Amino acid sequence: MEVLGSFNFWDDYQEKATTQAFVCGDTRAEEELVVVSFRGTEVFDADSWPSDIDLSWLYELRCGMGKFHGGFLKALGLQKSLGIYTSGQPRVGDVKFGEFMEEQLKNYCIRYISTVYCNDIVLRLPFDDNSFMFKHFGECRYFNSFYQGQIVAEEPNKNYFSLLDAIPRRVNAIWELARSFIIPYTRGADYKEGALLRLIRFIGVLVPGISANFPHIYIVLPGWYYLVYCQLVTS
C-alpha cells in the first residue's frame, strides 16, 4: 500500500477542520484499490467529546426511514465504496435507520463490517434499550481478549452495564494489564506495548472497557489488514 495523502476535512457546523483521514492506494491489483481511513475522537479534543455524548436525535430521515446521530454523516461518505470497516464505532441510529442503511449498502454492493474487541465500552453506547433505541447494523466481527475472532449477530453484553458481568470484566482487565508485559515474548515484537498504553491498561482496571477502545488494540488484531485487503479486492 502506498500512502497517497492525509487530509483535514472541514466541518461547517464547528467552522473548522475536525475530521482527519489518510488515503492509501494499491495499483498492483487488477482494479485500483483505495483505502480511506478516518480517525476517531481524540482523547483530549474538547470540541469533539460534547458531540459524542450528545444523545439527542439530531436528524430524522424522510418517509419514516429512521433517526440517526448527527455526527455519523459528518465523517462518512457512501458515494463510491467497496467496503466500510469500522473499529470500535458507537451506535449511530435506530432500527429504521439501520434497515435503511442495510438496504442502501445492498443496493450499492458495499460491505459494512464492524470490528468489536472484547469489552470495548464505546461501541456499546448509546444504549440499545427502550429509552435510547440505538442499534448497530452491518456484519459484526467479535474478538475476545485472546484475539480469537468470530462472526456474531450482535456483540456480547450489548449494553455493557450489567452486575453479572462486572466481576468478569474487571478480571479480564487485570489479565490484559498482565498480558501487556508478556505479549512481546509470546506473539512477537509487533505486539509490544509501551508505558503509555500500560498506563491506559491500568485505568482500564479501574474502569473496565475504557482501554479496550484504543487504536493499538484494533491494529494488532490477527490478520486484520490482510483480511481487509483480501475482502476488498475480491468483493
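Residues numbered from 1 in each chain as written. Predicted model: local features only at pLDDT ≥ 70, side-chain atom pairs only at ≥ 80, totals over all residues. Heavy atoms only, no water.

Chemist: Is there a simple way to explain the overall build of the protein in this structure?
Modeler: From N to C terminus, the protein includes seven helices and nine strands. Classification of the 235 residues of the protein by burial places 38% in the buried group. Excluding contacts between residues fewer than 6 apart, the proportion of contacts in the protein whose partners are at least 24 apart in sequence is 63%. Carbon and sulfur atoms make up 60% of the accessible area of the protein, which amounts to about 14300 Å² in all. (Helix = DSSP H or I, 4+ residues; strand = E, 2+ residues; numbered from the N terminus. Buried < 20%, exposed > 50% of the residue type's maximum accessible area, 1.4 Å probe, protein only. Contact = heavy atoms within 4.5 Å. Areas by Shrake-Rupley, 256 points an atom, 1.4 Å probe, with all protein chains shown as cover.)

Chemist: Which parts of the structure should I look at to understand unusual backbone geometry?
Modeler: Of the consecutive residues L125 and P126, the connecting peptide bond is found in the cis state with omega at -20°. Of note, P126 is situated in the loop between β7 (111–117) and β8 (139–143). For C118, which is not a glycine, the phi torsion comes out positive at approximately 45°. Topologically, C118 is positioned in the loop between β7 and β8. With relative accessibility at 6%, the residue C118 sits in the buried group. Notably, Y147 is not glycine yet its phi reads approximately 65°, a positive angle.

Chemist: Help me understand the pattern of salt bridges, please; the structure alone is not making it clear to me.
Modeler: When the charged atoms of two side chains with opposite charge come close together, those side chains can pair. Scanning the entire structure with this criterion turns up eight salt bridges. The partner of R91 in a salt bridge is E155, and the shortest N-O contact between them spans 2.7 Å. Taken together, the residues span a long stretch of sequence, with R91 in the loop between β6 (83–87) and α3 (95–107) and E155 in the loop between β9 (149–152) and α4 (163–187) at a distance of 64 residues. Comparing R91 with E155 shows no difference in burial state: the two are buried. The partner of E139 in a salt bridge is R111, with the nearest N and O atoms 3.3 Å apart. With E139 in strand β8 and R111 in strand β7, the pair connects residues that are 28 residues apart, well separated along the chain. Judged by its relative accessible area of 31%, R111 is partly exposed. (Salt bridge = Lys/Arg side-chain N within 4 Å of Asp/Glu carboxyl O.)

Chemist: Which parts of the structure should I look at to understand the side chain of S114?
Modeler: With respect to the element layout, S114 can be found in strand β7. Not counting residues within four places of it along the chain, the set of residues in contact with S114 comprises T86, E139, C140 and R141.

Chemist: Is there a simple way to think about the nonpolar core in this case?
Modeler: For soluble globular proteins, nonpolar side chains are generally found buried alongside one another. Counting 14 residues, the largest nonpolar core has V116, Y117, Y142, Y147 and Y218 as the members making the most contacts within it. No other element matches the three residues that β8 contributes to this core. Excluding anything up to four places from it in sequence, Y142 contacts V116, C118, R124, Q148, G149, Q150, V152 and P156. Core analysis: the next-biggest nonpolar cluster, separate from the first, contains eight residues, F97, M101, L105 and I110 among them. (Core = buried A, V, L, I, M, F, W, Y, C linked by side-chain atoms within 4.5 Å.)

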